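Okay, here's what each chain looks like letter by letter:
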Amino acid sequence: SAVISQKPSRDICQRGTSLTIQCQVDSQVTMMFWYRQQPGQSLTLIATANQGSEATYESGFVIDKFPISRPNLTFSTLTVSNMSPEDSSIYLCSVGGGTFYGYTFGSGTRLTVV
Amino acid sequence: DAKTTQPNSMESNEEEPVHLPCNHSTISGTDYIHWYRQLPSQGPEYVIHGLTSNVNNRMASLAIAEDRKSSTLILHRATLRDAAVYYCILILGSSNTGKLIFGQGTTLQVKP
């Protein structure tokens, strides 16, 4: 299965600023997924990122707040823009084997906005 | 995506088998059943998946009902390290396009 390196592992940020989270995969993958996990909650899918096209956002998430880049088949970034304390969460990236294989997750970025 | 229903929490004793149930009564014929678990302070980890037949791997077994409306994840001998949140997820059967939609999962507590 793929191995994902996610950075940073944690950060404390001031409100109103932005943070960019990076995910590097050790193999080429068609689709990458970004999730948010709010404190004590399950994971919520933010968007699906394909190489060479705009990301597809889930209901409740918009590109202006969570811009995503996917410059090649092994790398993606998620930016959390104009942060507020409500953005304090764990953000995770994932790559899938589709229905036939398991999905792999990064170790997550624990974001605290103060 | 079809919905799954799991108990909020379960308890087990160490070294005993654990059966984690999942109901998915609206499953379609092409939906795969996936199980993931999330250990404390870690990202989710793939456990097992199946379509119709029961499946075994080094981590667990997956028993799928004949009508596919329910499934059970079986941990044969629970260890303290198996304490985690377990998620049962259905994925539409198409290669590399399915997305994982997480429910609340079952929090498994393992007692020594």
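Everything below is about the structure shown above.
To keep things clear, this report deals only with the structure shown in the data block. Position labels on residues start from 1 in each chain and follow its written sequence. Chain A is the first chain written and ligand 1 is the first ligand written, with later ones labelled in order. Totals for whole chains, interfaces and linings use all residues, but because this is a predicted model, local features are given only for residues with pLDDT of at least 70 and pairs of side-chain atoms are given and counted only at 80 or more. Excluding hydrogens and water, the side-chain figures rest on all heavy atoms present in the structure.

**Some remarks on the layout of surface pockets**
- Reported here for the largest pocket is a volume of approximately 360 Å³.
- Among the residues forming the lining of the largest pocket, the class breakdown is 8 nonpolar, 13 polar and 1 charged. A cavity here means a set of points on a 1 Å grid, drawn over the protein atoms and nothing else, where a 1.4 Å probe fits but cannot get out; a pocket is an open set with protein on both sides within 12 Å along at least five of seven lines, and a residue lines either one if it has an atom within 4 Å of a point. Grid points are joined across faces, edges and corners, and a volume is the space filled by probe spheres set on the points. Here the term charged refers only to Asp, Glu, Lys and Arg, the term nonpolar to Ala, Val, Leu, Ile, Met, Phe, Trp, Tyr, Cys and Pro, and the term polar to all other amino acids, Gly among them.

**A look at unusual backbone geometry**
- Between Lys7 of chain A and the following residue, Pro8 of chain A, the backbone shows a cis peptide bond with an omega angle of -10°.
- Its place among the elements puts Pro8 of chain A in the loop between β1 (4–7) and β2 (10–13).
- Phi at Glu15 of chain B takes a positive value of approximately 70°, unusual for a residue other than glycine.
- Counting from the N terminus, the helices are DSSP H or I runs at least four residues long and the strands are E runs at least two residues long. Mapped onto the fold, Glu15 of chain B is located in the loop between β1 (9–13) and β2 (18–23).
- Burial classes follow relative accessibility: with a 1.4 Å probe on protein chains only, a residue under 20% of its type's maximum area counts as buried, one over 50% as exposed, and anything between as partly exposed. The exposed category is assigned to Glu15 of chain B, whose relative accessible area is 52%.
- Not every positive phi belongs to a glycine, and Arg68 of chain B is a case in point at roughly 65°.
- Within the element layout of this structure, Arg68 of chain B appears in the loop between β6 (61–64) and β7 (70–75).
- Arg68 of chain B gets classed as buried once you look at its relative accessible area, which sits at 8%.

**Some thoughts on the pattern of salt bridges**
Residues and elements named next belong to chain B.
- Whenever Lys or Arg places a side-chain nitrogen within 4 Å of a carboxyl oxygen from Asp or Glu, that contact is recorded as a salt bridge. Scanning the model with the defined rule gives 5 salt bridges over all chains in all.
- Measuring nitrogen to oxygen at the nearest pair gives 3.3 Å for the salt bridge that ties Arg77 to Glu15. Taken together, the residues span a long stretch of sequence, with Arg77 in the loop between β7 and β8 (84–92) and Glu15 in the loop between β1 and β2 at a distance of 62 residues.
- In this structure, Arg37 engages Glu45 in a salt bridge whose closest nitrogen and oxygen atoms are separated by 2.9 Å.
- Of the residues examined, Arg37 reaches a relative accessible area of 5% and is grouped as buried.
- Look at Glu45 and you get partly exposed, because its relative accessible area is 26%.

**Let's talk about the sheet that holds β2 of chain B**
Residues and elements named next belong to chain B.
- Two strands are counted as paired when DSSP detects at least two bridges linking them. On the basis of which strands lie adjacent, the open sheet formed by 4 strands has the order β2-β7-β6-β5 and antiparallel pairing. Lying at the two open borders of the sheet, with one neighbouring strand each, are β2 and β5 (55–56).
- Taken together, the 2 bridges between β5 and β6 define a ladder with antiparallel strand orientation. Among the inter-strand pairings, Asn56 is bridged to a residue of β6, identified as Ser61.

**Some points on the state of the cysteines**
Residues and elements named next belong to chain A.
- Disulfide assignment relies on a single distance test, namely cysteine sulfur atoms paired within 2.5 Å. In the structure shown here, the tally under the stated rule is 2 disulfides over all chains.
- The side chain of Cys23 participates in a disulfide bridge whose partner is Cys93; the two sulfur atoms lie 1.7 Å from each other. Every disulfide takes its handedness from the sign of the S-S torsion; for Cys23 and Cys93 that torsion is -85°, giving left-handed. In this pair, Cys23 is assigned in strand β3 (residues 19–25) and Cys93 in strand β9 (residues 89–95), connecting sequence segments 70 residues apart. Each of the two residues, Cys23 as well as Cys93, counts as buried.
- Among the cysteines around Cys13, which has no disulfide bond, Cys23 carries the closest sulfur, lying 16 Å off.
- The exposure class of Cys13 is buried, given its relative accessible area of 8%.

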